Amino acid sequence: MSADHLSKAQARRIALVSQGFRDPRHTTPTMRTFSRTLARTAVLQVDSVNVLQRAHYMPLFSRMGSYDTELLRRASSNAASRPRKIVEYWAHVQAFMPVELWPVMQHRMDHYRDKRGKWSVMVARPDLEASLLEEIRQRGASTARELDEGHPRTKEHWGWNWSDARKVLDYLFLIGELCIAGRNSQFECVYDLPERVIPAQYLNAPTPSVEEASRELVRRAALSHGVGTEQCLRDYFRMSSAGAKAAISDLVEDGELLPTSIDGWGRPAYLHRDAARPRAVQARALLSPFDPLVWERRRAEELFGFHYRIEIYVPEPLRQYGYYVLPFLLGERIVGRVDLKADRKAGVLLVKAAYAEEHAPEETAVELAEELRDLAGWLGLTDIVASPRGDLAPALTLALARA
């Protein structure tokens, strides 16, 4: 395979292998399996939507198969004999990232300090910052609700009716003065001081220069993508255009990134020199809307010919495919999409709609039924009920019934 030109199929296979879709699924995934998978994805986006499963759990299932979610809890907490492996930060958006990236993110923290946060709802309250830090220092890890007394919520921002305390806590998190030590059963952030969250070897590590930090982030994005454009590499860690451009140029000069072109892309691309270049990939996975393989929608369209938009915020009568739609990866193509919901009370996985792509092979419904059974078992659901909506629904209903 030439490094200076790739077919779309070659680029697609490189991307799938780089994201971990050629790794064998173990009967019982272990922490070693988890670490291998995290090395492929680099980050796990966090999102509060729980209609099926929290966003950060799904990419692990898509690559590892049925696993004990306790692995993620262990990886994101500290123990005397086992320091944490991952920590939440604004890495892609809100996401788990490897804890060793903490020093690399210091310049991002400085940027948010200068901007007073990332949104206009942030407030300048130095007095409240100091009092909240001291309260957490004294009482230990705490949620915003526990610290919220005396700071009433406002009503002027729909969807962002945070108290001043909640806004300041988020700001202190962005600038690295606080960390998210974990989340409680209501998915609320539990804030604590960095010295009680980040292992000392990373907390006290020298801060790399902006240029060094940018190169490290682009390097990790390139390893996770295998091949991608400047936009692909920049979006992975939501970098500035200038920082990404300079880092890409440096990595090309060092020979770590190899300039290439890809059929039909019309934009320069970059292949990581260590990317595997397989002749075939035989994957089968349901992908979360927040999976790194598809979260950059233009990339997903160029790699897979798959037009994908999440419709959570679209009024129900205007939705084309459904509320929480997961692409279905089979072989090395995305061949369909399903709108899923976990009815936990009834113990049922609801397939509210199922659609096939034009190129979907004959076995799509049977393979999807198998993957849905695996997903239902992992979620602790005992039945699968498919609605008749969508062109794949009849064949899927039949495949589920036959099983």
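Parameters and conventions
Residues numbered from 1 in each chain as written. Predicted model: local features only at pLDDT ≥ 70, side-chain atom pairs only at ≥ 80, totals over all residues. Heavy atoms only, no water. Pairing = 2+ DSSP bridges. Helix = DSSP H or I, 4+ residues; strand = E, 2+ residues; numbered from the N terminus. Salt bridge = Lys/Arg side-chain N within 4 Å of Asp/Glu carboxyl O. Buried < 20%, exposed > 50% of the residue type's maximum accessible area, 1.4 Å probe, protein only. Axes fitted to C-alpha atoms, helices over the stretch in contact; angles between N-to-C directions. Contact = heavy atoms within 4.5 Å. Parallel < 35°, antiparallel > 145°, perpendicular 65-115°, else oblique. Nonpolar A, V, L, I, M, F, W, Y, C, P; charged D, E, K, R; others polar. pLDDT = per-residue confidence, 0-100. Core = buried A, V, L, I, M, F, W, Y, C linked by side-chain atoms within 4.5 Å. Phe/Tyr/Trp six-rings, centres within 6.5 Å; stacked < 30°, edge-to-face > 60°.

Peer 1: Please clarify how the sheet that holds strand β6 (residues 189–192) should be interpreted in this entry.
Peer 2: Two pairing modes exist for strands in a sheet, parallel and antiparallel, and in both the strands are linked by backbone hydrogen bonds. Strand order in the open sheet formed by three strands is β4-β6-β5, with antiparallel pairing between adjacent strands. One side of each edge strand has no neighbouring strand; the edge strands of this open sheet are β4 (142–143) and β5 (179–183).

Peer 1: Hey, could you run me through the pattern of salt bridges in this one?
Peer 2: Once their charged atoms are close, side chains differing in charge can pair, the charge on each being opposite to the other. For the structure on display, the rule yields 27 salt bridges. Between Glu195 and Arg137 there is a salt bridge whose closest N-O contact spans 3.7 Å. Placement of the pair is Glu195 in the loop between β6 and α9 (200–203) and Arg137 in helix α6 (residues 126–139), with a sequence separation of 58 residues. Take Arg137: its relative accessible area is 41%, and that puts it in the partly exposed class. A salt bridge links Asp235 to Arg238, with the shortest nitrogen-to-oxygen separation between them at 2.9 Å. By relative accessible area, Asp235 is classed as buried at 11%. It is possible to trace a salt-bridge network through shared partners that takes in Arg25, Arg284, Glu367, Glu371 and Asp374.

Peer 1: Is there a simple way to think about the sheet that holds strand β14 (residues 383–386) in this case?
Peer 2: One open sheet accounts for five strands, arranged β10-β11-β12-β13-β14; its pairing is mixed. Edge positions in the open sheet fall to β10 (283–286) and β14, since each of these has one partner strand only. With strand direction ignored, the average angle separating the axes of adjacent strands in the sheet is 30°. Bridge count for strand β13 (residues 348–356) against β14 is four bridges, and the pairing is parallel.

Peer 1: Sorry, what's going on with unusual backbone geometry here?
Peer 2: It is generally the case that most residues other than glycine have a negative phi and that most peptide bonds are trans. If you check the backbone angles, Ala42 has positive phi at about 70° while not being a glycine. Of note, Ala42 is situated in the loop between α2 (31–41) and β1 (44–45). Judged by its relative accessible area of 5%, Ala42 is buried. With phi around 70°, Phe187 is a residue other than glycine that occupies positive phi space. Checked against the element boundaries, Phe187 lands in the loop between β5 and β6. Residue Phe187 is classed as buried on the basis of its relative accessible area of 14%.

Peer 1: Would you take a moment to explain the environment of Leu217 for this structure?
Peer 2: By secondary structure assignment, the location of Leu217 is in helix α10 (residues 210–225). By relative accessible area, which is 5% here, Leu217 ends up buried. Sequence-distant contacts of Leu217, that is, excluding residues within four places in its chain, are made with Leu101, Val104, Met105, Arg108, Phe237 and Met239.

Peer 1: Teacher, can you tell me more about the packing of α10 against helix α12 (residues 241–253) here?
Peer 2: In helix packing, the relevant descriptors are the interaxial angle and the interaxial distance, both defined with respect to the helix axes. Their axes nearest at 9 Å, the elements α10 and α12 cross at an angle of 75°. As judged from the angle between their axes, α10 and α12 are roughly perpendicular. Between α10 and α12, the contacting residues are Ser214, Arg215, Val218 and Arg219 on the first element and Gly243, Ala244, Ala247, Ile248, Asp250 and Leu251 on the second. In the contact of α10 with α12, the residues fall into five nonpolar, two polar and three charged.

Peer 1: In this structure, what is going on with the confidence of the model for the protein chain? I would like to understand it.
Peer 2: The predicted structure's coordinates, where accompanied by low pLDDT, should not be read in detail. Taken residue by residue, the protein chain gives an average pLDDT of 92. The fraction at 70 or more is 94%. The low-confidence segment residues 155–161 (pLDDT under 50) makes seven contacts with residues lying over four places distant or belonging to another chain.

Peer 1: Would you take a moment to explain the side chain of Ser62 for this structure?
Peer 2: Tracing the sequence through the fold places Ser62 in helix α3 (residues 58–64). Looking at Ser62, the relative accessible area reads 2%, which means it is buried. In contact with Ser62, not counting residues within four places along its chain, are Phe21, Arg25, Ala285, Leu286, Leu287 and Asp291.

Peer 1: Quick question: what am I supposed to make of the nonpolar core here?
Peer 2: Within soluble globular proteins, side chains that are nonpolar generally end up buried alongside one another. By size, the foremost hydrophobic cluster in this structure holds 54 residues, and its most contacted members are Met97 and Phe237. Those residues in contact with Phe237 that lie beyond four places of it in its chain are Ala42, Val43, Ala91, His92, Leu101, Met105, Arg108, Leu217, Arg220 and Ala221.

Peer 1: Before we go on, may I ask you to explain the environment of Ala399 in this structure?
Peer 2: Positionally, Ala399 belongs in helix α15 (residues 393–402). Look at Ala399 and you get buried, because its relative accessible area is 11%. Separated by 134 residues in the primary sequence, Ala399 and Trp265 place their C-alpha atoms 37 Å from one another. Look past the residues within four positions of Ala399 in its chain and what remains in contact with it is Ala365, Val366, Ala369 and Arg373.

Peer 1: Any chance you could explain the packing of aromatic side chains here in plain terms?
Peer 2: How two aromatic rings sit relative to each other is set out by the distance from centre to centre and by the angle between their planes. A complete count under the given rule lists eight aromatic pairs for this structure. Taken together, a centroid distance of 6.2 Å and an interplanar angle of 70° make the contact between Tyr89 and Trp102 edge-to-face. Highlighted residues: Tyr89 in strand β2 (residues 86–90) and Trp102 in the loop between β3 (94–98) and α5 (106–115), separated in sequence by 13 residues. Since its relative accessible area comes to 0%, Tyr89 is described here as buried. With a relative accessible area of 3%, Trp102 lands in the buried category.

Peer 1: Sorry if this is basic, but what is going on with the pairing of strand β11 (residues 325–331) here?
Peer 2: Side chains on a regular strand alternate between the two faces of the sheet. The buried count for β11 comes to seven of seven residues, which makes it a mostly enclosed element. In terms of strand pairing, β10 meets β11 through four bridges, oriented antiparallel. In the strand pairing of β11, Arg284 is matched with Leu330. Pairing of β11 with strand β12 (residues 333–343), which is carried by six bridges, proceeds in the antiparallel orientation. Looking at the pairing, Leu326 lines up with Val338 of β12. In sequence, β11 turns back onto β12 through a hairpin of one residue.

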